[in-house]
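# Close look at the chain arrangement
Here is how the chains run, residue by residue.
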Amino acid sequence: MSDLRSRFAHEPEYLQAVEEVLTSIEEVYNQHPEFERYNLIERLCIPDRIFTFRVSWIDDEGQVRTNMAYRIQHNNAIGPYKGGVRFHSSVNQSILKFLAFEQTFKNSLTTLAMGGAKGGSDFSPKGKSNMEIMRFCQAYVAELWRHIGPDTDVPAGDIGVGGREVGFMYGMYKKMARENTGTFTGKGMEFGGSLIRPEATGYGNVYFLLNMLATRGIDIKGKRVAISGSGNVAIYTAEKLMQLGARVVTMSDSDGTIYLPEGLTQEQYEYLFELKVYYRGRLREFAEKYGCEYFDRGKPWHVPCDIAMPSATQNELDGDDARALLANGVIAVSEGANMPSTPEAVHAFLDAKILYAPGKAANAGGVAVSGLEMAQNAQKMSWTAQEVDQRLKDIMANIHAQCCKYGQNPDGTVNYVKGANVAGFMKVARAMMAQGVL
Ligand code: NDP
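Now for a quick tour of the structure.

Analysis parameters
- Residues numbered from 1 in each chain as written.
- Predicted model: local features only at pLDDT ≥ 70, side-chain atom pairs only at ≥ 80, totals over all residues.
- Heavy atoms only, no water.
- Helix = DSSP H or I, 4+ residues; strand = E, 2+ residues; numbered from the N terminus.
- Expected span 1.5 Å × (residues − 1).
- Buried < 20%, exposed > 50% of the residue type's maximum accessible area, 1.4 Å probe, protein only.
- Near = heavy atom within 4 Å.
- Polar contact = N/O pair within 3.5 Å; in protein donor to acceptor, adjacent residues only side chain to side chain.
- Areas by Shrake-Rupley, 256 points an atom, 1.4 Å probe, with all protein chains shown as cover.
- Pairing = 2+ DSSP bridges.
- Axes fitted to C-alpha atoms, helices over the stretch in contact; angles between N-to-C directions.
- 1 Å grid on protein atoms, 1.4 Å probe; cavity = no way out; pocket = protein on both sides within 12 Å on 5 of 7 lines; lining within 4 Å.
- Points joined across faces, edges and corners; volume = space filled by probe spheres on them.
- Phe/Tyr/Trp six-rings, centres within 6.5 Å; stacked < 30°, edge-to-face > 60°.
- Nonpolar A, V, L, I, M, F, W, Y, C, P; charged D, E, K, R; others polar.
- Contact = heavy atoms within 4.5 Å.
- Core = buried A, V, L, I, M, F, W, Y, C linked by side-chain atoms within 4.5 Å.
- Disulfide = S-S within 2.5 Å.
- Patch = residues over 30% accessible without salt bridge, like charges linked within 9 Å, V, L, I, M, F, W, Y side chains within 5 Å.
- Salt bridge = Lys/Arg side-chain N within 4 Å of Asp/Glu carboxyl O.

Now for helix α6 (residues 130-144). End to end, α6 covers 21 Å across 15 residues, agreeing with the expected 21 Å (1.5 Å per residue, within 8%). Three or more residues of α6 are buried, namely E132, I133, F136, C137, A139, Y140, V141 and L144.

Put into structure tokens, the structure is as follows:
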């Protein structure tokens, strides 16, 4: 870590993600001196390659605009590079390196053959017209297309990149590469997308939560759940929770949080879905329409709840937030976002021995169904929603079992952070050892 800290001092998110994994795997790593001989850690922490490039595009006023863009191919020991693309003004190399690093272990946990990658740009889709977004996506892929492919690197969505953006990027990719093998996942249903892919990350997180609750004999019905975010992950998390009889008491966006102590109603959910998915509106509008409490610039973590599911962005839940949740009696935290809890918050949850699932385990359902989309594209078939959903449930149960196997504490409780990191690491490590120094 000290070596990485001095080499990458300006990359705090990347160092944070690496430190968490290295701390968890220290014990198992030391049991394998051959790993050290192969310098496995350094080779695993530093991405295989990073593409950094300029994207120039023309806005609706005819002005030429320029953004920074990236694709990080982190590790392909167990399969083609695989990971989403993020468009957000905060995107930089540190954030994408942390995401690509996390993705490698997450993809390993899914049991599917996928390596780890991440990409993106500091382009913000907010306030841009459809045509501007299309021109930007095309310009991004005009550079990227030669480095990706169905058996090389398969991008998907993330913050700021949903079905619309994937459609634009895939269209451009097909034109440049002159092939039709489904190199992106999260595609529209008409051109190779998989049923349940939009829902997969949120549904998968709820399935993981159900597995955790079952270890303590707790029923989800009637539980108050605080969710952050109101994008792809958050919305389908809320949908599945409501189907199961839980009460969704908060949702948020980058401007504020809505609070509904009795839980979202079906009618409110439908309005919220339309507001966020179709119109990309603000939750403030929801609060005005329904007269509910709205915390301007506030986070969801200080209201009474039984379960918290952070589903917006990294480091959105800090030590104070964690202490407030614990003081309010939270029994489980299951992360839809990647690394939403700061290290201080993670320690607070682990010390309190609540059910705490890190994103790399709990939100792996999204990439798992992306893996299923790749399988369907390779077969030139599409599976039913029931079939995909059942596979998703099985995969989440399997990830939960792996966490329990490697993360069991002496008192019988489970450290899901350790379990996920060790299980994810061991598979990648064995694959790297078997393939020699590359
Ligand atoms: P979306 O862009 O669909 O939604 C993101 C949500 O988070 C929006 O409500 C957005 O608010 C809010 N948000 C974004 N940045 C911030 C910020 N800096 N502060 C406060 N709120 C913010 O993204 P996704 O739902 O796809 O992704 C959410 C998280 O889940 C990310 O961490 C992502 O990496 C992770 N994830 C996503 C997967 C997927 O399949 N999509 C798979 C696995 C993990 P606003 O509406 O104001 O922009």
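Let us look at the site of the ligand. With respect to spatial proximity, 26 residues lie near the ligand, and among them D158, T201, S254, R282 and N338 are the closest. A distance of 2.6 Å is found between an oxygen atom of the ligand and a side-chain nitrogen or oxygen belonging to D158. Its free accessible area being 890 Å², the ligand has 83% of it covered by the protein chains. Among the elements of the structure, α8 (197-215), α9 (232-243) and β7 (247-253) are those that each provide at least two residues to the shell around the ligand.

The strand order β1-β2-β4-β3-β5 describes an open sheet built from 5 strands, whose pairing is mixed. Sheet topology places β1 (49-58) and β5 (153-156) at the edges, where each strand pairs with a single neighbour. The sheet shows a mean angle of 20° between the axes of neighbouring strands, taken without regard to direction. Pairing of strand β3 (residues 81-87) with β5 involves 4 bridges; the strand directions are parallel.

Let us now look at the layout of surface pockets. Space inside the second largest pocket adds up to approximately 340 Å³. Residue lining of the second largest pocket: 17 residues in total, with E19, E20, T23, H347 and V417 positioned closest to the centre. Those elements that place two or more of their residues in the lining of the second largest pocket are α2 (12-30), α13 (343-352) and α17 (416-435). Ranked by residue count, the leading element in the lining of the second largest pocket is α2, at 7 residues.

Pairs of aromatic rings are described using the distance from one ring centre to the other and the angle between the two planes. Within this structure, the stated rule accounts for 27 aromatic pairs. Note on W57 and F136: the rings are 6.2 Å apart at their centroids and 90° apart in plane angle, and the pair reads as edge-to-face. Pair noted here: W57 is in strand β1 and F136 is in helix α6, with a separation of 79 residues, a long-range link. Take F136: its relative accessible area is 0%, and that puts it in the buried class. Each ring, one from Y173 and one from F184, has its centre 6.3 Å from the other, and the planes form 65°; the classification is edge-to-face. Of the two residues, Y173 sits in helix α7 (residues 163-177) while F184 sits in the loop between α7 and α8, which places them 11 residues apart along the sequence.

Turning to empty space enclosed by the protein, a few remarks are in order. Left-over empty space is what a probe sized like a water molecule reveals as it rolls over the atoms. Applying the stated rule across the entire model yields 2 cavities of 30 Å³ or more. In this model, the largest cavity occupies a volume close to 70 Å³. What lines the largest cavity is simply E20, E102, E335, M339, S341, V346, Y356, P358, G359 and K360. Of the residues belonging to the lining of the largest cavity, the class tally is 4 nonpolar, 2 polar and 4 charged.

Next up on the list: the sheet that holds strand β11 (residues 332-334). Strand order in the open sheet formed by 7 strands is β9-β8-β7-β6-β10-β11-β12, and the pairing between neighbours is mixed. The two strands at the open ends of the sheet, each matched to only one other strand, are β9 (293-296) and β12 (355-357). Averaged over all adjacent pairs, the angle separating strand axes in this sheet is 15°, with direction ignored. The pairing of strand β10 (residues 307-309) with β11 spans 2 bridges and is parallel. If you follow I307 over to β11, its bridge partner there is A332. α9 contacts β6 (224-227), β7 and β10 of the sheet and is inclined by roughly 175° relative to β7.

Time to look at the nonpolar core. Judged by nonpolar contacts, the single largest core of 57 residues is most densely connected at F208, L241, M251 and I258. In terms of residue count, the dominant contributor to this core is α8 (8 residues). Apart from the residues lying within four places of it in its own chain, the contact partners of I258 are V249, T250, M251, L272, L283, F286, A287, C292, E293 and Y294. Formed by 37 residues, the second largest nonpolar core is a distinct cluster that contains V28, F35, I72 and I95.

Throughout the structure, instances matching the rule amount to 0 disulfides. You can see C45 has no disulfide; the closest cysteine sulfur is in C403, sitting 20 Å from it.

On the surface, V277, Y278 and Y279 cluster together into a nonpolar patch covering about 370 Å² of accessible area. Structurally, the position occupied by Y279 is in the loop between α10 (266-278) and α11 (283-290).

As a further point, take helix α15 (residues 365-379). For α15, which comprises 15 residues, the first-to-last C-alpha distance of 21 Å matches the rise-based estimate of 21 Å (1.5 Å per residue) to within 8%. For α15, a buried count of 12 out of 15 residues is recorded, marking the element as mostly surrounded by other parts of the structure. Turning to α15, its buried residues number three or more, namely G365, G366, V367, A368, V369, S370, G371, L372, E373, M374, Q376 and N377. Along its buried surface, α15 packs onto β3, α5 (93-109), β5, α8 and α16 (385-407).

The next subject is the environment of F208. Mapping F208 onto the fold places it in helix α8. Of the residues examined, F208 reaches a relative accessible area of 0% and is grouped as buried. Along the primary structure F208 and G263 are separated by 55 residues, whereas in three dimensions their C-alpha atoms are 21 Å apart. If we ignore the near neighbours within four places in the chain, the residues touching F208 are S334, A357, A361, A362, M396, I399, H400, C403 and Y416.

Turning to the pairing of strand β2 (residues 64-75), a few remarks are in order. Pairing of β1 with β2 involves 10 bridges; the strand directions are antiparallel. Within β2, the position partnered with W57 by the bridge is R65. Turn length for the β1-β2 hairpin, with the two strands adjacent in sequence and antiparallel, is 5 residues, and the turn residue G62 shows positive phi of about 85°. Two strands pair when backbone bridges link them, and β2 and strand β4 (residues 116-121) are joined in this way by 6 bridges, in the antiparallel orientation.

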